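Now for the letters of each chain:
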Amino acid sequence: MNRISRKTTQGFNLIPCQLIEKISNSRDARVCYTLPVAGSPKLFLTQRVDNHADLGDFEICNRCNIDNTGLVCHWPSEDVLAFFSLSHADMFRSKRVIELGSGYGLAGLVIAATTEALEVVISDGNPQVVDYIQRNVDANSGAFGGTTVKSMTLHWNQDDFPYIVDTFDVIVASDCTFFKEFHKDLARIIKFLLKKVGPSEALFFSPKRGDSLDKFLEEIEGNHLHFSIIENYNAEIWKRHQMLMSGDESWPNYDKDHCYPFLVRITL
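Cut-offs and rules
Residues numbered from 1 in each chain as written. Predicted model: local features only at pLDDT ≥ 70, side-chain atom pairs only at ≥ 80, totals over all residues. Heavy atoms only, no water. Axes fitted to C-alpha atoms, helices over the stretch in contact; angles between N-to-C directions. Helix = DSSP H or I, 4+ residues; strand = E, 2+ residues; numbered from the N terminus. Parallel < 35°, antiparallel > 145°, perpendicular 65-115°, else oblique. Left-handed = near helix turned anticlockwise from the far one by under 90°. Contact = heavy atoms within 4.5 Å. Nonpolar A, V, L, I, M, F, W, Y, C, P; charged D, E, K, R; others polar. Buried < 20%, exposed > 50% of the residue type's maximum accessible area, 1.4 Å probe, protein only. Pairing = 2+ DSSP bridges. Right-handed = clockwise from strand over helix to strand, strands pointing away. Core = buried A, V, L, I, M, F, W, Y, C linked by side-chain atoms within 4.5 Å.

Chemist: Looking at this structure, I do not really get the packing of helix α4 (residues 76–87) against helix α5 (residues 106–114). What am I missing?
Modeler: Axes are the key here: two packed helices are described by the angle between their axes and the distance separating the axes. Between α4 and α5, the least distance of the axes is 8 Å, while the angle of their chain directions is 10 degrees. In terms of their interaxial angle, α4 and α5 are classed as roughly parallel. Handedness of the crossing formed by α4 with α5: right-handed. Contacts between α4 and α5 involve Glu-78, Leu-81, Ala-82, Ser-85 and Leu-86 on the former and, on the latter, Leu-106, Ala-107, Val-110, Ile-111 and Thr-114. Of the residues contributing to the contact of α4 with α5, the split by class is seven nonpolar, two polar and one charged.

Chemist: Would you mind going over the environment of Cys-176 with me for this structure?
Modeler: With respect to the helices, strands and loops of the structure, Cys-176 is situated in the loop between β8 (170–174) and α7 (183–193). Not counting residues up to four positions away in its chain, the partners in contact with Cys-176 are Leu-100, Gly-101, Trp-156, Leu-186, Phe-204 and Ser-206.

Chemist: Explain the pairing of strand β6 (residues 119–124) here, please?
Modeler: Taken residue by residue, a regular strand's side chains alternate between the two faces of the sheet. With six of six residues buried, β6 lies mostly within the body of the structure. What you see with β6 is no split at all: Glu-119, Val-121 and Ser-123 on one side and Val-120, Ile-122 and Asp-124 on the other are buried throughout. Across four bridges, the pairing between strand β5 (residues 96–100) and β6 is parallel. Across the sheet, Ile-98 pairs through a bridge with Val-121, a residue of β6. Handedness of the crossover is the feature at issue here: the chain leaves β5, passes through α5, returns alongside β6, and the resulting connection is right-handed. Following the backbone out of β6, through helix α6 (residues 127–139) and into the adjacent parallel strand β7 (residues 148–153), one traces a crossover that is right-handed.

Chemist: Looking at this model, I keep getting lost on the nonpolar core. Mind explaining?
Modeler: A general tendency of soluble globular proteins is for nonpolar side chains to be buried together. Leu-43 and Leu-203 are the most contacted members of the largest nonpolar core, which has 52 residues in total. Broken down by element, this core gets its largest block of residues, seven residues, from α5. Leaving out residues up to four positions away in the same chain, Leu-43 has contacts with Val-31, Cys-32, Tyr-33, Leu-35, Leu-106, Leu-109, Val-110, Ala-113, Asn-140 and Ala-143. With 28 residues, the next largest nonpolar core counts Met-152, Ala-173, Leu-194 and Leu-217 among its residues.

Chemist: I tried to follow the environment of Tyr-233 on my own but got confused; where do I start?
Modeler: Relative to the assigned elements, Tyr-233 resides in the loop between β10 (226–230) and α9 (235–245). Separated by 149 residues in sequence, Tyr-233 and Phe-84 have C-alpha atoms that sit 8.6 Å apart. In contact with Tyr-233, other than residues within four places in its own chain, are Val-80, Phe-84, His-88, Phe-205, Tyr-260, Pro-261, Phe-262 and Leu-263.

Chemist: Is there a simple way to explain the side chain of Asn-136 in this structure?
Modeler: Its location among the elements puts Asn-136 in helix α6. Since its relative accessible area comes to 0%, Asn-136 is described here as buried. Apart from the residues within four sequence positions on either side, Asn-136 is in contact with Phe-44, Leu-45, Thr-46, Tyr-104 and Leu-109.

In structure tokens form, the structure reads like this:
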């Protein structure tokens, strides 16, 4: 097997991945993720291996008023969310979980395969991305045990989703706060989706990116939600961060503001 290209794996390298095969006449490849916990299954994802968008991608983005980031690559904060979920399975056990802006769905699949969650919904606003998610759900269905796993097209500004309002014990998301124009709708949908009876929370892994995270948290407060920010939330992730800050060549030009995801816990 070959290591997948640096453009796809550049990051914290918490979950080893290998290129299984390049799919002929396609921009896609099958990638194997080996979860670093004894007894955990391997996960097989289909994802793009180039980071170039074409005209069709932009036409869909314009038509749906969405961004194209879910197709560009596997983002480092998703790796962090997946690793954190592996290390904190008790936070998801017997819970209803939804991942927002999931891209190819690695973190949601990890939660479904390793935490004994009751249900995991893996969502994105880009219909092309959701097609990949469903393929990846189907490819790994044998790893989920009794957990129900679904893909979903979900736009943060939509109003017609009464069947999932007040439903989820846990919302997870990674690197979803970069675009300020989506902050208001993202904060709003968090409030709609979180279960009102009993404990519930959203776990966001987001770099600061200038004032982008701060602006998002202003919207969170504006929706009368509560939050806390944790900088050092996992010993292994913090260790990797410190190595990269010291000049580790696996991620050239690593910058804390742009790259390191803070954990934001949001509650009603």
